[in-house]
Structures are given as C-alpha cells and as structure tokens.
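Architecture at a glance
Single-letter residue listing:
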Amino acid sequence: MPLHHLSYQSTALLSVSDTVMQDLLAKSRTYNTAHEVSGMLLYRDGQFVQVLEGEESVVRALYEKIRRDPRHTDVVKLADEPLTQRKFGAWAMAYRP
Ligand SMILES: Cc1cc2nc3c(=O)[nH]c(=O)nc-3n(C[C@H](O)[C@H](O)[C@H](O)COP(=O)(O)O)c2cc1C
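- The name given to the protein chain in an unreviewed UniProt entry is BLUF domain-containing protein, and the organism recorded there is Hymenobacter montanus.

1. A short note on the site of the ligand
- Around the ligand, a shell composed of 15 residues is seen, among which Ser28, Asn32, Gln50, Asp69 and Arg71 lie nearest.
- Residue Gln50 places a side-chain N or O atom 3.1 Å away from an oxygen atom belonging to the ligand.
- Between the ligand and Lys65, the relevant distance is 3.2 Å, taken from an oxygen atom to a side-chain nitrogen or oxygen of the residue.
- Isolated, the ligand exposes 620 Å² of accessible area, and the fraction of that covered by the protein chains is 73%.
- Within the residue set of the shell around the ligand, elements represented by two or more residues are helix 1 (18-34), strand 3 (47-55) and helix 2 (56-67).
- Residue contributions to the shell around the ligand peak at 4 residues, all from helix 1.

2. Quick word on the UniProt feature "domain: BLUF" (unreviewed entry) in the protein chain
- The feature "domain: BLUF" (unreviewed entry), as annotated in UniProt, sits at residues 3-94 in this numbering.
- Helix makes up 32% of residues 3-94 and strand makes up 41%, while its end C-alpha atoms are separated by 19 Å.

Rules used in this analysis
Residues numbered from 1 in each chain as written. Predicted model: local features only at pLDDT ≥ 70, side-chain atom pairs only at ≥ 80, totals over all residues. Heavy atoms only, no water. Near = heavy atom within 4 Å. Polar contact = N/O pair within 3.5 Å; in protein donor to acceptor, adjacent residues only side chain to side chain. Areas by Shrake-Rupley, 256 points an atom, 1.4 Å probe, with all protein chains shown as cover. Helix = DSSP H or I, 4+ residues; strand = E, 2+ residues; numbered from the N terminus. UniProt positions renumbered as here; feature names shortened; annotations may be inferred.

Listed below in structure tokens is the structure:
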C-alpha cells in the first residue's frame, strides 16, 4: 500500500483557544491512529501548516474533509507526493502552537 505525503497551509477561522484546539486534536489523533495517519500541525499568528502522511487514498479522503472544514479557509496545498518513509511516524498528530 503506497505511502503518501500531503501538506497545506490555511488561515484559521476559529479563535484557537486551548479548549477548541485540544478537542480538535483529540478527535484527530483518535481518527489518525485508527487510520494509520501520522503528521504534524503548526499554528502561528492565525495560520495553520499541516503535514499528513499515510496510505494515499486515506490521506486524500482526510484532506478533502479537512479542506471543507469551516474552522479554516484559504487552504493552499504545499506538497502532494509519494513518500518512501514516514517522517512523523511516531505522532498521530504532533502539535506546536
Ligand atoms: C486545521 C485542521 C486540521 C485538522 N486535522 C485533522 C486530522 O489530522 N485528522 C482528523 O481526523 N481531523 C482533522 N481535522 C478535522 C476534520 O476537518 C473533520 O472535522 C474531522 O475529520 C471530522 O469529520 P466528520 O465529522 O466529517 O467525520 C482538522 C481540522 C482543522 C481545521
């Protein structure tokens, strides 16, 4: 099953309070663990950058859901390519504010 890497940047529409982020992260980590998706999410000055790694069809389906999420806008894809080895294999979704 081919591994894939997809990353994007976006503009947050939620006020990224700790509670909202913690809730989003908790749900994301549960989903990502169950679907063998790894990656990381950065947040700074109202901008997100996220890296998603996993089986190609799973990553694409998740990206489509995330892209339509009303909590952010101006989603711009940064990379969309095959991956030989995971770079964030230890993290269901690492987060750095
Ligand atoms: C910046 C951002 C990053 C997200 N990252 C993930 C993620 O890594 N995994 C995940 O399952 N959901 C993530 N979500 C949430 C999804 O957009 C979506 O709400 C979630 O997959 C549940 O979708 P559903 O209710 O249609 O099943 C993220 C949302 C935002 C705004």
